[in-house]
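# Fold and geometry: a report
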Amino acid sequence: MDFISIRIITGDIRRLVGFYENVTGMQAAWGNEDFAELRTAHGTLAIGSTRTVALFAPGSARPADNHTVIIEFLVDDVDTIYEKLKNAVEDFVNEPTTMPWGNRALLFRDPDGNMVNFFTPVTPEAIERFRR
């Protein structure tokens, strides 16, 4: 089994896709007006409009209602990215902080309130864990 993607359902797909394009520097691939993907070498962030929910089961997903999942991106230098994002992100959860497990992490919320973590491994153990 391979993990492929995580999907966010949103009431404003253009706004949310634009936000992720801005903070990641990646260009989204649009499948249609209701679905886009930001693809990395190891996984995909998919974004679907609320109009796609009925294809699964009506009412099975609600936009802007996530309080448990953190969307994480491995980055080269979280401190440099933080300086670049200061004008693009409205809701920072924390400034870059070195966590007990060895990652330097920057947590913020996207426009729908989903928590996003940009992190850089900084201890030898963490660096080894994410060696590619």
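That block above? That's the structure.
Thresholds applied
- Residues numbered from 1 in each chain as written.
- Predicted model: local features only at pLDDT ≥ 70, side-chain atom pairs only at ≥ 80, totals over all residues.
- Heavy atoms only, no water.
- Helix = DSSP H or I, 4+ residues; strand = E, 2+ residues; numbered from the N terminus.
- Rg over C-alpha atoms; globule rule 2.2 N^0.38 Å.
- Contact = heavy atoms within 4.5 Å.
- Areas by Shrake-Rupley, 256 points an atom, 1.4 Å probe, with all protein chains shown as cover.
- Lys, Arg positive; Asp, Glu negative; His and termini not counted.
- Charge placed at Lys NZ, Arg CZ, Asp CG, Glu CD.
- Buried < 20%, exposed > 50% of the residue type's maximum accessible area, 1.4 Å probe, protein only.
- Expected span 1.5 Å × (residues − 1).
- Arc of directions from axis to C-beta.
- Salt bridge = Lys/Arg side-chain N within 4 Å of Asp/Glu carboxyl O.
- Polar contact = N/O pair within 3.5 Å; in protein donor to acceptor, adjacent residues only side chain to side chain.
- Pairing = 2+ DSSP bridges.
- Axes fitted to C-alpha atoms, helices over the stretch in contact; angles between N-to-C directions.

What follows covers the overall build of the protein chain. Within the protein chain, the secondary structure is distributed over four helices and nine strands. Ordered by position from the N terminus, the helices and strands of the protein chain form the series β-α-β-β-β-α-β-α-β-β-β-β-α. Expected size for 132 residues packed as a compact globule is a radius of gyration near 14 Å; at 15 Å, the protein chain falls within 12% of this value. With the C-alpha coordinates of the protein chain rotated into their principal frame, the extents come out at 45 × 40 × 25 Å. Nonlocal contacts in the protein chain, meaning residues at least 24 apart in sequence, comprise 49% of its contacts between residues at least 6 apart. Carbon and sulfur atoms make up 51% of the accessible area of the protein chain, which totals about 8,200 Å². Each charge class in the protein chain can be summarised by its mean position, and for the 13 positive and 19 negative side chains these summaries are 2 Å apart.

Let us now look at the side chain of Asn103. Structurally, Asn103 is set in strand E8 (residues 103-109). Asn103 sits in the buried class, given a relative accessible area of 7%.

Bringing helix H1 (residues 13-24) into the picture now. Helix length check: H1 (twelve residues) gives 16 Å between terminal C-alpha atoms against 16 Å at 1.5 Å per residue, within 8%. Of all the positions in H1, only Ile13, Leu16, Val17, Phe19, Tyr20 and Val23 are classed as buried. Seen from one end, H1 has its buried residues packed into an arc of 155°, which puts them on one side. Remark: Gly25 follows H1 within two positions and exhibits a positive phi of approximately 75°.

Next up on the list: the pattern of salt bridges. Tallied over the full model, the rule gives eight salt bridges. Residues Glu37 and Arg39 are paired through a salt bridge, measuring 2.7 Å at the closest nitrogen-oxygen approach. A relative accessible area of 18% means that Glu37 is categorised as buried. Taking the relative accessible area as the measure of exposure, Arg39 reaches 52% and is therefore exposed.

Below, the discussion takes up helix H3 (residues 78-85). When H3 is considered as a whole, its buried residues turn out to be Val78, Ile81, Tyr82 and Leu85. The buried residues of H3 occupy an angular sector of 105° when projected down its axis, which confines them to one face. Turning to H3, the residues buried within the fold contact H1, strand E6 (91-92), E8 and strand E9 (115-121). Put simply, Asp77 is the residue that caps the front of H3, since its side-chain oxygen is 3.1 Å from the backbone nitrogen of Asp79.

Read across the sheet, four strands follow the order E1-E4-E3-E2 without closing on themselves; strand pairing throughout is mixed. Strands at the two margins of the open sheet, each flanked by one partner only, are strand E1 (5-10) and strand E2 (29-32). When strand polarity is set aside, the average angle formed by the axes of neighbouring strands in this sheet is 20°. The sheet contact formed by E1 and strand E4 (residues 44-49) spans six bridges and is parallel. Considered in E4, the bridge of Ile6 is made with Leu45. Lying over the sheet, H1 contacts E1, E2, strand E3 (35-39) and E4, oriented at roughly 160° with respect to E4.

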